[in-house]
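Close look at the chain arrangement
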Amino acid sequence: MRYLIITYYRKANGQIDESTAVARNLKMRDHQTASVILDFKKLAVVKAQLNGTSAPKDFNRIVEYYMQHYENIIRRLFEENGYEIDYREKSPEELNVSTS
């Protein structure tokens, strides 16, 4: 898998919910509906948009945030795309990603 796709949507009761998926390829629907799309092959942010406004496209910062919630998925995406991740109870500033 190559992409982490996160979509935020508002329920009828006003509550915001989150949907997470991984994919090999992006579909037009992903570009239209997703809030965040991360490319783990190029280590790039394809899309970062929250509540209709663009967020900074800083790959490391976004990965550090989602690492708290989706650590296993993110580790697997790095490994499947040929990267090693050194993440042993480090602060976000110390998170280091390197190629194998």
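Residues numbered from 1 in each chain as written. Predicted model: local features only at pLDDT ≥ 70, side-chain atom pairs only at ≥ 80, totals over all residues. Heavy atoms only, no water.

**So, the environment of valine 22**
Inspection of the secondary structure assignment puts valine 22 in strand E2 (residues 16-23). Judged by its relative accessible area of 28%, valine 22 is partly exposed. Excluding anything up to four places from it in sequence, valine 22 contacts Met1, Tyr3, Leu4, Ile73, Arg76 and Leu77. (Helix = DSSP H or I, 4+ residues; strand = E, 2+ residues; numbered from the N terminus. Buried < 20%, exposed > 50% of the residue type's maximum accessible area, 1.4 Å probe, protein only. Contact = heavy atoms within 4.5 Å.)

**Here we look at the nonpolar core**
By size, the foremost hydrophobic cluster in this structure holds 18 residues, and its most contacted members are Leu38, Phe40, Ile74 and Phe78. Among the elements of the structure, strand E1 (3-10), strand E3 (36-39), strand E4 (44-50), helix H2 (59-80) and strand E6 (83-86) are those that each provide at least two residues to this core. Leaving out residues up to four positions away in the same chain, phenylalanine 40 has contacts with Arg2, Leu4, Phe59, Val63, Ile74, Leu77, Phe78, Asn81 and Tyr83. (Core = buried A, V, L, I, M, F, W, Y, C linked by side-chain atoms within 4.5 Å.)

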